[in-house]
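Understanding the architecture of this molecule
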Amino acid sequence: MGALLRVGVLLSGSGTNLQAIIDSSGSDYDVVVVVSDKPDAFGLERARTAGVPAVHVDPKAHDGREAFNEALADVLGAHDVGLVCLAGFMRILAPNLVKAFENRILNIHPALLPAFPGAHAVRDALDWGAKVTGTTVHLVDEEVDHGPILLQRAVPIERGDTEEMLHERIKSVEHELYPEAIRLFATGRVRVEGRRVVVEKA
Ligand code: GRF
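What comes next is a walk through the structure. Fair warning: this is a prediction, and the values are worked out from it, not measured in the lab. (Residues numbered from 1 in each chain as written. Predicted model: local features only at pLDDT ≥ 70, side-chain atom pairs only at ≥ 80, totals over all residues. Heavy atoms only, no water.)

**Concerning the side chain of asparagine 107**
Relative to the helices and strands, asparagine 107 is located in strand E5 (residues 105-109). On the basis of relative accessible area, asparagine 107 is assigned to the buried category, the value being 11%. Setting aside its immediate chain neighbours within four residues, asparagine 107 contacts Leu86, Thr136, Val137, His138, Val140, Asp145 and Tyr178. (Helix = DSSP H or I, 4+ residues; strand = E, 2+ residues; numbered from the N terminus. Buried < 20%, exposed > 50% of the residue type's maximum accessible area, 1.4 Å probe, protein only. Contact = heavy atoms within 4.5 Å.)

**Some details on the sheet that holds strand E7 (residues 149-156)**
If you trace the seven strands from one edge of the open sheet to the other, you get E3-E2-E1-E4-E5-E6-E7, paired in mixed fashion. Here the strands that pair on one side only, and so sit at the sheet edges, are strand E3 (54-56) and E7. Ignoring strand direction, the axes of neighbouring strands in this sheet form an average angle of 20 degrees. Bridge analysis of strand E6 (residues 132-139) against E7 gives seven bridges, and the strand direction is antiparallel. Residue valine 137 lies in a different strand from E7, and its bridge partner there is leucine 151. Packing against the sheet, helix H3 (residues 65-78) makes contact with strand E1 (5-11), strand E2 (29-36), E3 and strand E4 (83-86), and its axis sits at approximately 150 degrees to E2. Across the sheet, helix H6 (residues 163-186) lies against E1, E2, E4, E5, E6 and E7, angled at about 155 degrees from E7, the strand it touches most. (Pairing = 2+ DSSP bridges. Axes fitted to C-alpha atoms, helices over the stretch in contact; angles between N-to-C directions.)

**Looking at the nonpolar core**
Counting residues in hydrophobic clusters, the biggest one holds 31 residues, and the most contacted among them are Val9, Val31, Val34, Leu106, Leu150, Tyr178 and Ile182. Considering every element that reaches this core, the biggest residue donor is H6, with six residues. When near neighbours in sequence (up to four residues on either side) are disregarded, isoleucine 182 contacts Leu5, Val7, Ile21, Tyr29, Leu83, Cys85 and Leu106. Ala71, Leu72, Ala73 and Leu93 belong to the second-largest nonpolar core, a separate cluster that totals 21 residues. (Core = buried A, V, L, I, M, F, W, Y, C linked by side-chain atoms within 4.5 Å.)

**Some details on the environment of isoleucine 92**
Of note, isoleucine 92 is situated in the loop between E4 and helix H4 (95-100). When the C-alpha atoms of isoleucine 92 and valine 144 are compared, they prove to be 6.9 Å apart, with 52 residues separating the residues in sequence. Setting aside residues up to four positions removed in sequence, isoleucine 92 forms contacts with Arg65 and Val144.

Right under this line is the structure:
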């Protein structure tokens, strides 16, 4: 068997997706580093508990977005990361980082893109009166919530849903979908053709 895919996760918050990714690791991929822009992100704590290096990269310690992204790329490179997973990372990546890991960065977004991009996707779907929303795993390009779609799963919106209730249901689907996407990547079944991602049969 070949070496496992080395995954680096970027996050800013609680890291329930990171937890799901760690819990599914070991046979196809390993999480080798977790990086946060926030020193107190609970996701860093989850990484430490799992014995994964947890690194805070302070945006304020760098002279601008490009330099901050260079620092992120340095940490990922130092851990020989083959796939970068954004899991609630609340910053827009700069072109230098996107280029350094071209077609090797995934993001998970709590809506069915291209509907409801941006930072308030769950609230926006509710406010719109949508009956179905969901979650999307996509490759990251230089535009926000825009790159080619790898996997999507729908989540019905129920009468009486609050943003919190709906987000919790979406997250429980994300916790299955994100590890599945990483496994596809790790087993070489993901081929990008322009805007389209072809998933090869096992
Ligand atoms: C998820 O809903 C994800 O779709 C979005 O940010 C949230 C992160 O949640 N990008 P968590 O930190 O993994 O719990």
